[in-house]
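Fold and geometry: a report
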Amino acid sequence: MVEPADRPSTAGQRLGATESFGVSTLEPGLRPPAQAPGRQVSIRVQMLDDTQEVFQISQRSPGKLLFDLVCVHLNLVEGDYFGLEYQDQRKMTVWLDLLKPTLKQLRRPKNTILRFVVKFFPPDHTQLTEELTQYLFALQIKRDLACGRLICNDTSAALMVSHIIQSEIGDFDETQSWQHLLHNKYLPDQDAIRDKITDCHRKHVGQTPAESDYQLLEIARRLEMYGVRLHPAKDREGTKLSLSVAHTGVLVFQGYTKINAFNWSKIRKLSFKRKRFLIKLRADPSQNAHHDTLEFAMASRDCCKIFWKICVEYHAFFRLFEEPKPKPKPILFTRGSSFRFSGRTQKQIIDYVKDSEVKKVPFERKHSKILSGGSMSPQSSSFRSQSQVPKESAMSVPLADQPDSARLGHQAEFNGSEEPVGATSPANGSHDMQAAPGSDLAQSRQNHHVAGSEPEQQLLNPGSPGSEDSPLGSPFVIVNGNGSVNGQGMGGTGVLGPGHSPEGGQLSPLTSPLLTDAGYVRNEDEDEARRKKFPTDKAYFIAKELLTTERTYLKDLQVITKSFQDVVGKDEAFPDFINNLISTSYDPLYKFHQGFLKEVEQRLGQWEGRSNAHIKGDYQRIGDVLLKNIQGLRQLTIHLQKHSECLVELERACRSSRKVEALCREFEQQRVCYLPFNIFLLRPLHRLLHYKLILERLCKHYPPTHDDFRDSRAALADISEMVLELQGTMMKMENFQKLLELKKDLTGIDNLAIPRREFIRLGCLSKLSGKGLQQRMFFLFSDSLVYTSRGMTPTNQFKVHGQLPLYGMTISESEEEWGVPHSFTLFGQRQSVVVAASCASEMERWVEDIRMAIDLAEQSSSPHTDLLSTSLSDNKLLEDGGGEQESEEELCGSRSSLERQGYRGNTTVHVCWHRNTSVSMVDFSVAVENQLSGNLLRKFKNSNGWQKLWVVFTNFSLFFYKSHQDDYPLASLPLLGYSVTVPSESENIHKDYVFKLHFKSHVYYFRSESEYTFERWMEVIRSATCSASRSLPSTRKDLY
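Residues numbered from 1 in each chain as written. Predicted model: local features only at pLDDT ≥ 70, side-chain atom pairs only at ≥ 80, totals over all residues. Heavy atoms only, no water.

**Focus on the overall build of the protein chain**
Heads up, the condition is: A helix here means a DSSP run of H or I that spans at least four residues, while a strand means a run of E at least two residues long, and both kinds are numbered starting from the N terminus. We call a residue buried when its accessible area falls under 20% of the maximum for its residue type, exposed when it is over 50%, and partly exposed in between, using a 1.4 Å probe and counting protein chains only. Any pair of residues with heavy atoms lying within 4.5 Å of one another is described as a contacting pair. Here, Shrake-Rupley sampling with a 1.4 Å probe gives the accessible areas, and only protein chains in the shown set may cover a residue.
Helix and strand content of the protein chain: 29 helices and 32 strands. Residues classed as buried in the protein chain amount to 59% of the 1040 residues present. Across the protein chain, the fraction of contacts at a sequence separation of at least 24, relative to all contacts at a separation of at least 6, is 70%. Per element, the accessible surface of the protein chain, about 42500 Å² overall, is 49% carbon and sulfur.

**Quick look at the packing of aromatic side chains**
Stated formally: Paired rings are identified among Phe, Tyr and Trp, the last through its six-membered ring, by centres lying within 6.5 Å, and are further divided according to the angle between planes into stacked (under 30 degrees), edge-to-face (over 60) and tilted (the rest). Ring-over charges, as used throughout, are those where CZ of Arg or NZ of Lys falls within 6 Å of the ring centre and within 35 degrees of the ring normal.
Applying the stated rule across the entire model yields 35 aromatic pairs. Consider the rings of Phe82 and Phe116, whose centres lie 5.1 Å apart with planes at 15°: the pair is stacked. In this pair, Phe82 sits in strand E3 (residues 82-87) while Phe116 sits in strand E5 (residues 113-118), placing the two residues 34 residues apart along the sequence. Judged on exposure class, the residue Phe82 and its partner Phe116 are both buried. Feature note: the residues Phe67, Tyr81, Phe82, Phe116, Phe120, Phe121, Phe137, Tyr226, Tyr314, Phe317 and Phe318 constitute an aromatic cluster, connected by ring pairs. For Lys738, the ring lying beneath its charged end belongs to Phe924, and the centroid distance is 3.6 Å.

**Side note on helix H15 (residues 623-634)**
The condition is simple: Take the number of residues in a helix, subtract one, and multiply by 1.5 Å to get its expected span.
If you check H15, its first and last C-alpha atoms are 16 Å apart, about what 12 residues at 1.5 Å a residue would give, namely 16 Å. All of the buried residues in H15 are Gly623, Val625, Leu626, Leu627, Asn629, Ile630, Leu633 and Arg634. On the buried face of H15, the contacting elements are helix H10 (346-355), helix H12 (538-569), helix H13 (576-608), helix H16 (637-640), helix H19 (677-701) and helix H20 (709-745).

**Comments concerning a negative patch on the surface**
For clarity, the cut-off: Each patch is assembled from residues with relative accessible area greater than 30% and no salt bridge, linking like charges that lie within 9 Å and nonpolar side chains (Val, Leu, Ile, Met, Phe, Trp, Tyr) that lie within 5 Å. We count a salt bridge whenever a side-chain nitrogen from Lys or Arg sits within 4 Å of a carboxyl oxygen from Asp or Glu. Think of it this way: Lys and Arg go in the positive column, Asp and Glu in the negative one, and His and the chain ends go nowhere. Every charge is mapped to an atom, namely NZ of Lys, CZ of Arg, CG of Asp or CD of Glu.
Residues Glu813, Glu815, Glu844 and Glu848 make up a contiguous surface patch of negative charge. Along the polypeptide, Glu844 turns up in helix H22 (residues 840-859). Residue Glu844 is classed as exposed on the basis of its relative accessible area of 55%.

**Regarding the nonpolar core**
Formally: Nonpolar core, defined: a set of buried Ala, Val, Leu, Ile, Met, Phe, Trp, Tyr and Cys residues in which side-chain atoms within 4.5 Å join the residues together.
Among the nonpolar cores identified, the biggest contains 99 residues, and Phe82, Phe116 and Phe277 are the most heavily contacted of them. Counting residues per element, this core draws most heavily on helix H9 (residues 301-319), at 11 residues. Other than its neighbours up to four places away in sequence, Phe82 contacts Leu48, Phe67, Leu76, Phe116, Val117, Val118, Lys119, Thr133, Leu136 and Phe137. Within the second largest apolar cluster, 80 residues are counted, among which are Ile560, Phe596, Val723 and Tyr961.

**So, H9**
With 19 residues, H9 ought to run about 27 Å at 1.5 Å a step, and its terminal C-alpha atoms sit 26 Å apart, in line with that. Of all 19 residues in H9, 14 are buried; the element is thus mostly enclosed.

**Let's talk about the environment of Asp50**
So the rule is basically this: Here a polar contact means two N or O atoms within 3.5 Å. Within protein one must be a hydrogen donor candidate and the other an acceptor candidate, and residues neighboring in sequence count only if both atoms are side-chain atoms.
With respect to the secondary-structure elements, Asp50 resides in the loop between strand E1 (40-46) and strand E2 (52-58). In this structure the C-alpha to C-alpha distance between Asp50 and Arg143, which are 93 residues apart in sequence, comes to 9.7 Å. Side chain to side chain, Asp50 and Arg143 meet in a polar contact 3.0 Å long.

**Comments concerning the packing of helix H5 (residues 154-169) against helix H7 (residues 194-202)**
Between two packed helices, the angle of one axis relative to the other and the distance separating the axes together describe the packing. This is how the line gets drawn: Fitted lines through C-alpha atoms serve as axes, helices being fitted only where they are in contact, and the angles separating the N-to-C directions of these axes extend from 0 to 180 degrees. Orientation labels follow simple angle bins: below 35 degrees gives roughly parallel, above 145 gives roughly antiparallel, 65 to 115 gives roughly perpendicular, and whatever is left gives oblique. A clockwise turn of the near helix away from the far one marks a right-handed crossing, whereas an anticlockwise turn of less than a right angle marks a left-handed crossing. Residue classes follow a fixed rule: Ala, Val, Leu, Ile, Met, Phe, Trp, Tyr, Cys and Pro count as nonpolar, while Asp, Glu, Lys and Arg count as charged, and any other residue, Gly among them, counts as polar.
Taken N-terminus to C-terminus, the directions of H5 and H7 make an angle of 55°; their axes are 8 Å apart at the nearest point. In terms of orientation, H5 and H7 fall into the oblique class. In this structure, the crossing between H5 and H7 has a hand that is right-handed. Between H5 and H7, the contacting residues are Asp154, Thr155, Ala158, Leu159, Val161, Ser162, Ile165, Gln166 and Ile169 on the first element and Lys196, Ile197, Cys200 and His201 on the second. Looking at the contact of H5 with H7 residue by residue, the classes come out as 7 nonpolar, 4 polar and 2 charged.

**Quick notes on the pattern of salt bridges**
One pass over the full model with this rule turns up 41 salt bridges. Here Asp50 makes a salt bridge to Arg143, at a shortest N to O gap of 3.0 Å. Separated by 93 residues along the polypeptide, Asp50 in the loop between E1 and E2 and Arg143 in helix H4 (residues 131-146) bring together distant segments of the chain. Taking the shortest distance from any N to any O, the salt bridge between Asp88 and Arg90 comes out at 2.4 Å. When its relative accessible area of 37% is taken as the criterion, Arg90 is described as partly exposed. Residues participating in the shared-partner salt-bridge network are Arg603, Arg621, Asp624, Asp708 and Asp711.

**Focus on the packing of H13 against helix H17 (residues 643-656)**
In the contact formed by H13 and H17, the axes pass within 10 Å of each other and the chain directions differ by 150°. Here H13 lies roughly antiparallel to H17, going by the angle between them. Between H13 and H17 the crossing geometry is left-handed. Judged by residue contacts, Phe577, Ile578, Leu581, Ile582, Ser585, Tyr586 and Leu589 of H13 engage His643, Glu645, Cys646, Glu649, Leu650 and Ala653 from H17. Along the lines of polarity and charge, the residues of the contact of H13 with H17 split into 9 nonpolar, 2 polar and 2 charged.

**Looking at the pairing of E5**
Quick reminder of the rule: At least two DSSP bridges between two strands are required for those strands to pair.
Pairing of E1 with E5 involves 3 bridges; the strand directions are parallel. Bridged to Gln46 within E5 is Arg115. The pairing of E3 with E5 spans 4 bridges and is antiparallel. Looking across to E5, one finds that Gly83 is bridged to Val117.

**Section: the environment of Ile165**
You can see Ile165 is positioned in helix H5. For Ile165 and Ser177, which are 12 residues apart along the polypeptide, the C-alpha to C-alpha distance reads 7.8 Å. For Ile165, the contacting residues outside a window of four places in its chain are Gly170, His180, Leu181, Tyr186, Ile197 and His201.

**Re the sheet that holds E1**
Hydrogen bonding along the main chain pairs the strands of a sheet, whether they run parallel or antiparallel. In spatial order, the strands read E2-E1-E5-E3-E4; together these 5 strands make up an open sheet with mixed pairing. Only two strands of the sheet have a single neighbouring strand rather than two, namely E2 and strand E4 (93-95). When strand polarity is set aside, the average angle formed by the axes of neighbouring strands in this sheet is 40°. Lying on the sheet, helix H2 (residues 63-74) is in contact with E1, E2, E3 and E5; it crosses E2 at an angle near 135°.

**Some points on the confidence of the model for the protein chain**
Counted only if it meets this: Every residue is assigned a pLDDT by the predictor, reflecting its confidence on a scale from 0 to 100.
Per-residue confidence for the protein chain gives a mean pLDDT of 75; residues scoring 70 or more make up 70%. Note on residues 1027-1040: pLDDT under 50 across the span, and 39 contacts to partners over four residues away in sequence or across chains.

**Topic: the environment of Glu668**
Mapped onto the secondary structure, Glu668 falls in helix H18 (residues 658-668). Put simply, Glu668 and Asn678 are 10 residues apart on the chain and 9.7 Å apart in space, counted from C-alpha to C-alpha. Here the side chain of Glu668 touches Phe677 through a polar contact of 2.8 Å, landing on its backbone nitrogen.

Shown next, in the form of structure tokens:
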């Protein structure tokens, strides 16, 4: 390599390289190998900033030595994401093989220029720890945009170019920005969207180059063509296609549209024979065994081999724990290729950066006019909202629907001519794929039950008889114990609390021995003094949120591992194999999280200074605890993958045995089971999302120089991989669980939970009939629309009146035709229905979802399945007979029948019925991540003091406890229909961090301990209120 003295202005020095070898991509403490003896040859390498460097190597040096010299020259620690490519004598672009001598690959080294480029594109840029690595990735994205390789819409292109310009010239200046765009080409058709680019650039004021790189990569990773390198091919019918490889597996494109994806877990072998590239899939019992091999024709055998090699390397880099060992050489003859991946895997890179204290060397950006060496990471800055990032049709390659069983039991085999990919697995026999700490994956899920179904839970209707709050509009509350409805005793029992509410009327919906002010000793001054002693850092409150939600999660696990096991273990009717399956799947998790909770409690105690331990070390951090335990949780992935099996097998047993069904129903009526039991079974999968969101907030808060930043970033990468791996299973199980819960709420339906049926929306609409507008409950699925009314059955189920198949349905607004506000007409093949929504926004949501469902039904090739167990004519007679008209007395009577078996008067369906609103599957999915626990101070409208409660927010409801140690809630408040605001000056709430919940005349104040917790409670509660639902994604596709 040329000495610095010979060339005083090298690209390495422009990037801040030192004169010494610095840090290489070799093992810690090692330097590049000594040059082999022999004549020195000069090799030219073009960097990502378009500069060229000359390196001296010996004739017999392997490719790895040249690659290490380049990485050392750049002081690049995470060099294994990159590679050296060149054009061979056939004019084909190939990668430099690191194991073979360089000069044996370069026939004319003097006339060959190698390009240093990104080789492996991780699913998320937050897995790149070093700012220099992110900068080089940003240069790669810039190059892909300029050459037209990264295809995207104009909005995404303009936004990405605006971030590139911001990193190069700084804040927007109209003249400077315009001139810069005239003299630099970032897009092939840049002139057409120049105005869009400048409009986006205006919004980036104050954004540093590091932040611009971060935002650029954040947008790019969501694009379907991110990191895609197309290899032309044809299928068996001769259709022109393209093949590509990504971290998840092999992709198939038609033009620039992805039409198929084969996950690594589904691929048994990759091989090629002459011009044919073969993908052999694992056997699928539901398909013909002869169709497990896919064949693609490529231009030549060399094209097949080049693509096969990059597949081998991608699989090894993202899936293996360590570099595969070379195979022993055969004695007699060889078969197939000896090619193997050489270098560190992604897991080894992350572990090395995490474990070694690598000194960060400042660097300069060649194209940037702003000083940014060692600049702060965008994760520590308040940069723009994620809503600025436009989403393409597909964010990234989705995982397979099934859990990745290949990671645990067996290893995919890939062959050039019957050649395995990685030869052998790691020592533990498992494969690993690093996945994305992506922002939107997650973005994920929720179930529907509002409060527990138990005999002692009462529905209280606030207000006296004759008040303005009718039973259809009152915000009812479920309370454990005895209660009243409209001031009347239920079952001959009295009200819970002594006397009346502070307002002088009937008891508040939150009235209970816990929730009344009587007998409560208030010590606000003590609480105020206690708060002032505790840390005020935002990271402390993020860690405290981890602690409070972990306590609730452990209680939820206890419902499965202790309460449920105690009940079913005593009953011989419950199948032993299901009991054992649930026990073996959840007991290890419960024991693990017990230890995790103890560690978090100990760390928070040290952080708060409740012991002398904080004097001996720096305990004001939580990332190290999270990293350690998330790595331990990864070892329990096999148990997480069995949770879907537990749910399916339990439902199967309930269908086949009435005794088992009755046993589960009785358990759900116990106070400890405050949610449907199926939701508890999915809690461990949902908890992974909570860890991911907590770590994202932690990484965003910390500056990159913080001691806890590296551990938090590594933990975020690990948990994001687990979320991505289990995402497909999670979405399937949530839909399945929702169908099972709706089946319990409906009567007159035989087969609701069938394959490929998806729940979309449920809610209240008014149906126009001969008697005028009648309130009906509508359920929208992917193949049909069902309408019901609330029946007078002992279980308060909704009786089905009719079903409208979506295939061939049309929809039109009919407000002018019928004179009914917010009305629209559904024209089906057999009948037409006129319905009206409660407001314009509600109508828009229904119309949009119905049209989306009609499109899904039109695309589906499966025949229509009739949901109803009785004929439509019978249901029509039921509807016209007037037997479904409900009086106020009948509604109150149905609520008072709490002692009856299987009472289901407190589900989301009933809440929507009484609040005259609707909820979609997207709302349920978003609500999964919006779960929160902690202490709050509560105050009634006209009361004087504040009362301390342990509050859990989940399933669109607040559940109230005396303390976090309680096994079951004493009361709950469904929030659908409520609004959350900040008290006005006229309300005389002279306290900080107070928010207000109100529905009609019902008002409650809640007070949090800090600004962070106040914002978090406002955020999660808004996700459950009507006003917030307008801003939610309109489809599940937008969510993920």
